[in-house]
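Structural characterization, general
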Amino acid sequence: ATALRQHRPSASPLPSLRGAVFVGGFPFAPASPAFAEASLHLSMPTLHVAGSRDKIVRPETSARLLQLCAEDNRTYHEHQGGHVVHSGSASLAVYEDWFARQHVGASGQLAQ
């Protein structure tokens, strides 16, 4: 969905996305060659969260999605839990920092 919204036709009623958060995210197996991994590259800011004990989406699987995102605009956080949105203090600090950075404009002031 993120790739579709970022690469949407200009006449699309979908809003532009300023960033994306992937928790246990992974690249999908496209039904059409037009959406093959090699053709996708997300330039928007992204936050990728993976659990080192996740048995459903292993961290190395999440890393494949990470590689489809702009290196200078992506953040990766691996916590010690499983397939959950981890709420430990270290994880919360990562989430808070990422969201704060998305709201700071070029002037260094919080965007409205």
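This text goes with the structure placed above it.
Given the structure is predicted, the values throughout are model-derived calculations rather than measurements. (Residues numbered from 1 in each chain as written. Predicted model: local features only at pLDDT ≥ 70, side-chain atom pairs only at ≥ 80, totals over all residues. Heavy atoms only, no water.)

1. What to know about the overall build of the protein chain
For the protein chain, the helix and strand inventory stands at three helices and three strands. Along the chain direction, N to C, the helices and strands of the protein chain fall in the order α-β-β-α-β-α. Of all 112 residues assigned to the protein chain, the portion counted as buried reaches 31%. Put simply, of all contacts in the protein chain between residues at least 6 apart along the chain, 70% involve residues at least 24 apart. Element-wise, carbon and sulfur atoms account for 58% of the exposed surface of the protein chain, whose accessible area totals about 7200 Å². (Helix = DSSP H or I, 4+ residues; strand = E, 2+ residues; numbered from the N terminus. Buried < 20%, exposed > 50% of the residue type's maximum accessible area, 1.4 Å probe, protein only. Contact = heavy atoms within 4.5 Å. Areas by Shrake-Rupley, 256 points an atom, 1.4 Å probe, with all protein chains shown as cover.)

2. Thoughts on helix α2 (residues 59-66)
By the burial criterion, the buried members of α2 are Pro59, Ser62, Leu65 and Leu66. Looking down the long axis of α2, one finds its buried residues gathered within 105° of arc, a one-sided arrangement. As for α2, its buried residues are in contact with β1 (20-23), β2 (46-51) and β3 (74-79). (Arc of directions from axis to C-beta.)

3. Points about the side chain of Thr46
Within the secondary structure, Thr46 sits in strand β2. Residue class for Thr46 comes out buried when judged on its relative accessible area of 0%. For Thr46, the contacting residues outside a window of four places in its chain are Ala20, Phe22, Cys69, Asn73, Arg74, Thr75 and Trp98.

4. Some details on the pattern of salt bridges
Under the definition given, this model contains one salt bridge. One salt bridge connects Asp97 with Arg101, and the closest N-O pair in it is separated by 2.9 Å. Here Arg101 and Asp97 lie together in helix α3 (residues 89-102), a separation of four residues that amounts to about one turn. Residue class for Asp97 comes out partly exposed when judged on its relative accessible area of 40%. (Salt bridge = Lys/Arg side-chain N within 4 Å of Asp/Glu carboxyl O.)

5. Focus on a nonpolar patch on the surface
A surface patch of nonpolar side chains, about 330 Å² in accessible area, is lined by Val21, Val23, Val85 and Phe99. Among the secondary structure elements, Val85 is positioned in the loop between β3 and α3. (Patch = residues over 30% accessible without salt bridge, like charges linked within 9 Å, V, L, I, M, F, W, Y side chains within 5 Å.)

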